[in-house]
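# Commentary on secondary and tertiary structure
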Amino acid sequence: MLGELRGGSTHTDTRPRVAAAVAIPLVALAAAATVGVVTTTSQVRTASRQAELVAASIGHTDLVSAVQNERNAALAETLGIADDIDLEVDDLDDARRLTDRVRRSQDGSTDLSALDNLPAARQRVDDALDAPATDPRAAHEAFADYTAISSALAASHEQGARDVDDPELRRGDELIHRLIAAGGHDVECRRRGAARRAAR
């Protein structure tokens, strides 16, 4: 009755106030949800990009390792000592197939231009294997060719690894890279020792 004396309905006066009271938190909630979605989408994109970089880096490390295994098999076969040492691969043909398979699996996100020199390195090995006598000099030159390829691949890997922002992912990637590099250094030391013994 009081509402009627003032010239209006109590329902009409309350609705705009209730609507305004409800609308303000709803608008704030919608704005917060939009900011949250944008932030989450950005975080997902960042995490996805970091995962892609690490996956490319690991794939690149597999390629460095495959080239090093092929190099070691090539050295052992050209020196005629393949049956006397343990290799990571069965033989040179197996090593080449593995290198080619890993190379095909690369997604194009890393620089593989060093592999342009792989056919020449393989040809040098084939020529040494076709020679009537073992030529240690040719074997060591082929080893140097492969080492140059794997070193260039490792250098491009390091460049890609710098793009990984997450410190944990970067540390893991660096550890894998150092293990591969240490293995290559160990083989290089053994090759030099064999070259010195052969020169005596």
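Residues numbered from 1 in each chain as written. Predicted model: local features only at pLDDT ≥ 70, side-chain atom pairs only at ≥ 80, totals over all residues. Heavy atoms only, no water.

## Concerning the overall build of the protein chain
The following threshold applies: By the criteria applied, helices consist of DSSP H or I runs no shorter than four residues and strands consist of E runs no shorter than two, each listed in order from the N terminus. Two residues form a contact once any of their heavy atoms are found within 4.5 Å.
Tallying secondary structure elements over the protein chain gives 6 helices and 0 strands in all. Ordered by position from the N terminus, the helices and strands of the protein chain form the series α-α-α-α-α-α. Taking as baseline every contact in the protein chain between residues at least 6 positions apart, the subset at least 24 positions apart corresponds to 74%.

## Focus: helix α4 (residues 118-130)
For clarity, the cut-off: The span one expects for a helix is its residue count, reduced by one, times 1.5 Å. Note on exposure labels: buried denotes an accessible area under 20% of the residue type's maximum, exposed denotes more than 50%, and partly exposed covers the range between, all computed with a 1.4 Å probe on protein chains only. Within this analysis, the arc is defined by the directions that extend from the helix axis to the C-beta atoms.
With 13 residues, α4 extends 18 Å from end C-alpha to end C-alpha; this agrees with the ideal 18 Å at 1.5 Å per step. When α4 is considered as a whole, its buried residues turn out to be L118, A121, R122, V125 and A128. Here the buried residues of α4 occupy an arc of 120° about the axis, which is enough to place them on one side. Among the exposed residues of α4, those pointing more than 90 degrees away from its buried face are P119, A120 and D130.

## Some points on the environment of T134
Among the structural elements, T134 can be located in the loop between α4 and α5 (136-161). As for T134 and L79, which are separated by 55 residues in sequence, their C-alpha atoms are 6.1 Å apart. With sequence-adjacent residues up to four places away left out, T134 is seen in contact with T78 and L79.

## A closer look at the confidence of the model for the protein chain
Put simply, the test is: pLDDT gives the predictor's per-residue confidence on a scale running from 0 to 100.
Per-residue confidence for the protein chain gives a mean pLDDT of 73; residues scoring 70 or more make up 47%. Averaged over each element, pLDDT in the protein chain is lowest for helix α1 (residues 2-5) (50) and highest for α4 (95).

## Section: the pattern of salt bridges
The condition that has to hold: Any carboxyl oxygen of Asp or Glu that lies within 4 Å of a side-chain nitrogen of Lys or Arg is treated as forming a salt bridge with it.
Scanning all chains against the criterion turns up 8 salt bridges. Here R96 ties to E70 by a salt bridge, and the two come within 3.8 Å at their closest N and O atoms. Placement of R96 in helix α3 (residues 92-105) and of E70 in helix α2 (residues 10-79) is noted, with a sequence separation of 26 residues between them. When sorted by exposure, R96 lands in the same class as E70, which is buried. Where R124 meets E141, a salt bridge forms, and the shortest distance between an N and an O atom there is 2.8 Å. With a gap of 17 residues between them, R124 in helix α4 and E141 in helix α5 connect regions that are remote in the sequence. Judged by its relative accessible area of 31%, R124 is partly exposed. The class of E141 is partly exposed, set by a relative accessible area of 31%. The structure contains a network of salt bridges with shared partners spanning E70, R96, D100, R122 and D126.

## Comments concerning the nonpolar core
As a reminder of what qualifies: For this analysis, a nonpolar core means a set of buried residues of the types Ala, Val, Leu, Ile, Met, Phe, Trp, Tyr and Cys, connected via side-chain atoms within 4.5 Å.
Among the nonpolar cores identified, the biggest contains 20 residues, and L63, V67, L115, V125, Y146, I149 and L153 are the most heavily contacted of them. Elements that contribute at least two residues to this core include exactly α2, α3, α4 and α5. Per-element tally for this core: the top contributor is α2, with 6 residues. Once residues within four sequence positions are removed from consideration, I149 is found in contact with V67, A114, L115, N117, L118 and A121.

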